[in-house]
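Summary of the model geometry
This is what each chain is made of:
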Amino acid sequence: MSSGQGSGEWEGRERNAGPAPLRRAVGVLEDHPPPGPFRPAFWRSPLRGPWLTAVFALVLLVGITVVFLTGLVSYAAYNPDLPGNDTKPDKGLLGFYLFAWPTRPVWLYRLNQGVHVTLGLVLIPVLLGKLWSVLPKLFTWPPLRSPAQALERVSLLLLVGGALFTFVTGVLNTQYWYVFPGSFYTLHFYGAWVFMAAFALHVGLKFGRMRQALRSRRLRDELRTDTAATVPEPPDPDGLVSPAPDRPSMSRRGALGLVGAGALTMLAVTVGQSIGGPLRKTALLAPRGQDPGPGPNGFQVNKTAAAAGVEPQQTGDGWRLELSGGAGARSLSREDLLGMPQHTAHLPIACVEGWSTANQAWTGVRLRDLAGLAGVPEASSVFVESLEEGGAFGQARLRGNQVADGDSLLALRVNGADLSLDHGYPARVIVPANPGVHNTKWVTRMTFQA
């Protein structure tokens, strides 16, 4: 190496290393690097490199964007701008996009949550593959070379930590394993926004490199390359390529196939809980069993009466629906409700955890008829309260368009039989395209507002 080249490299390093105290500290750290994973030569896989990382990144860019957008839609479906519906302290500017959740098509929420949960689970193997491909970056030494590099490290911490937090809390929620130090809805909501902010920053910084890396090799060629012919990628400025690679024990084709097989396995053991039919038997990760039992009430239940603290004696002959609005308060027995005009609607139940039922034939009194009986024929909302005490969803407020829909019911029967206690006897709400927990069961009071 000529002296001119050495001088140029040193001057470039001086320009990029940051303030003098930081440069001196960096020099000491570089002269005395710790052993193990902080040394670049520790990472020996010949598969790591910009191209493989970029393939995983492209899949995650598309997939995570869809998961985030369906998550926003899911939040809007709860009508969190209505009083009492939002269980979080304050959504602030994060609720800028909220809109009146529609009731058509009736399968809208079922589709949205099926995509949100299923795709989120399918992306887990891809996320793990991406993290493996960039693992050396997490052990870069020295950890702080310059203020710009320090900022990148902080954004990387938020990105990786946010991804793990968001995916882990989502998985735990789908399995009803509430071991969180607070409300899942609050933690997942704010955690997702932090993650997506870091994700958007990372995409903005790395998109050009991702595109360049994808163009450096053809996928077709990599899929034709076996283990024996696999060689490391050329050295890269990000340090993903090992400076001392081992012999390959797997081709890049094999790595992509392994991650792809993991994603397909997650799809196979999850998607049946949303699609239903024969595929429900394959939904091994379904939080509610594949076989809910026979009979008209033989379909999935989100929360049983026992879990909600609702006793059979509360729903007996003494039960009354307290109805209030512009015409004052009224008290209706179940017999009174059965004596009113009945309507049947074929609607599914879909829950935030991703599972759903097929359409069930619900029969009962239209909500708009009850609104008229309460003296509020064009209600702007209705506040529904349950016999369930405590819990986040023992009450819910429905918007005026939901009350007005002809298929929105206070259901008394399902599939030709009385509701079972677990399905909400003596009366429950059922609204098209509504999140399952807002189809309140064991209804005891309805307050309509003009």
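Heads up: these notes are all about the structure in this document. Quantities reported herein were computed from a predicted structural model and do not represent experimental measurements.

Calculation rules
Residues numbered from 1 in each chain as written. Predicted model: local features only at pLDDT ≥ 70, side-chain atom pairs only at ≥ 80, totals over all residues. Heavy atoms only, no water. Axes fitted to C-alpha atoms, helices over the stretch in contact; angles between N-to-C directions. Helix = DSSP H or I, 4+ residues; strand = E, 2+ residues; numbered from the N terminus. Parallel < 35°, antiparallel > 145°, perpendicular 65-115°, else oblique. Left-handed = near helix turned anticlockwise from the far one by under 90°. Contact = heavy atoms within 4.5 Å. Nonpolar A, V, L, I, M, F, W, Y, C, P; charged D, E, K, R; others polar. Buried < 20%, exposed > 50% of the residue type's maximum accessible area, 1.4 Å probe, protein only. Pairing = 2+ DSSP bridges. Lys, Arg positive; Asp, Glu negative; His and termini not counted. Salt bridge = Lys/Arg side-chain N within 4 Å of Asp/Glu carboxyl O. 1 Å grid on protein atoms, 1.4 Å probe; cavity = no way out; pocket = protein on both sides within 12 Å on 5 of 7 lines; lining within 4 Å. Points joined across faces, edges and corners; volume = space filled by probe spheres on them. Core = buried A, V, L, I, M, F, W, Y, C linked by side-chain atoms within 4.5 Å. Expected span 1.5 Å × (residues − 1). Arc of directions from axis to C-beta. Patch = residues over 30% accessible without salt bridge, like charges linked within 9 Å, V, L, I, M, F, W, Y side chains within 5 Å. Areas by Shrake-Rupley, 256 points an atom, 1.4 Å probe, with all protein chains shown as cover.

1. So, the packing of helix 6 (residues 147-174) against helix 7 (residues 184-216)
Each pair of packed helices gets described by two things: the angle between the helix axes and the distance between those axes. Viewed as axis vectors pointing N to C, helix 6 and helix 7 meet at an angle of 140 degrees, and their least axial separation amounts to 8 Å. Judged on the interaxial angle alone, helix 7 and helix 6 are oblique. Here helix 6 runs over helix 7; the crossing is left-handed. On helix 7, the residues touching Glu152, Ser155, Leu158, Leu159, Gly162, Ala163, Phe165, Thr166, Thr169, Gly170 and Asn173 of helix 6 are Phe184, Leu187, His188, Gly191, Ala192, Val194, Phe195, Ala198, Phe199, Leu201, His202 and Lys206. For the contact of helix 6 with helix 7, the class distribution of residues is 12 nonpolar, nine polar and two charged.

2. Quick notes on the pairing of strand 3 (residues 343-347)
A regular strand places its side chains so that they alternate between the two faces of the sheet. The two faces of strand 3 differ: His343, Ala345 and Leu347 on one face are buried, but Thr344 and His346 on the other face are not. By the bridge criterion, five bridges tie strand 3 to strand 4 (residues 360-366) in an arrangement that is antiparallel. Residue pairing across strands places histidine 346 opposite alanine 361, the latter belonging to strand 4.

3. As for the side chain of arginine 48
Structurally, arginine 48 can be placed in the loop between helix 2 (20-31) and helix 3 (50-77). Within the buried core, arginine 48 has no salt-bridge partner, and the shortest N-O distance to an opposite charge, that of aspartate 246, equals 9.2 Å. Filtering out sequence-adjacent residues up to four positions away, arginine 48 remains in contact with Trp43, Trp132, Ser133, Leu135, Pro136, Glu233, Leu240 and Val241.

4. Overview of empty space enclosed by the protein
Per the stated rule, a full pass over the model turns up three cavities of 30 Å³ or more. Estimates place the volume of the largest cavity at around 730 Å³. What lines the largest cavity is a set of 36 residues, among which Gly71, His116, Phe184, His188 and Val352 lie closest to the centre. In this structure, the second largest cavity encloses a volume near 50 Å³. As for the second largest cavity, its lining consists of Val106, Trp107, Tyr109, Arg110, Pro348, Ile349, Ala350, Val431, Ala433, Asn434 and Asn439. Per-class residue counts for the lining of the second largest cavity are eight nonpolar, two polar and one charged.

5. Focus on the nonpolar core
Counting 36 residues, the largest nonpolar core has Ile64, Phe195 and Phe199 as the members making the most contacts within it. Broken down by secondary-structure element, the contributors of at least two residues to this core are helix 3, helix 4 (108-133), helix 6, helix 7 and helix 9 (252-268). Excluding anything up to four places from it in sequence, phenylalanine 199 contacts Leu60, Leu61, Ile64, Thr65 and Leu159. Ala305, Leu321, Leu387 and Trp442 belong to the second largest nonpolar core, which has 30 residues in total.

6. Things to note about helix 9
Compared with an ideal rise of 1.5 Å per residue, which puts 17 residues at 24 Å, helix 9 spans 24 Å between its outermost C-alpha atoms and is within 8% of the ideal. Of the residues making up helix 9, those classed as buried are Arg252, Ala255, Leu256, Val259, Ala263 and Met266. With its buried residues spanning 95 degrees around the axis, helix 9 presents them on a single face. The exposed set on the far side of helix 9, more than 90 degrees from its buried face, consists of Leu258 and Leu264.

7. What to know about a nonpolar patch on the surface
On the surface, Leu58, Val62, Val66, Trp107, Leu111 and Val115 cluster together into a nonpolar patch covering about 490 Å² of accessible area. At the level of elements, helix 3 and helix 4 are the ones that each hand at least two residues to the nonpolar patch. The element contributing the most residues to the nonpolar patch is helix 3, with three residues. Within the fold, valine 66 resides in helix 3. With a relative accessible area of 31%, valine 66 lands in the partly exposed category.

8. Focus on the sheet that holds strand 10 (residues 443-449)
Here we have five strands laid out as an open sheet, ordered 2-1-10-5-6, and mixed in their pairing. Unpaired on one side and paired on the other, strand 2 (328-332) and strand 6 (395-399) mark the two borders of the sheet. Here the average twist between neighbouring strands, direction ignored, is 15 degrees. Where strand 1 (residues 321-325) lies against strand 2, five bridges are found, and the strand directions are antiparallel. Across the sheet, the residue bridging to leucine 323 is arginine 330, located in strand 2.

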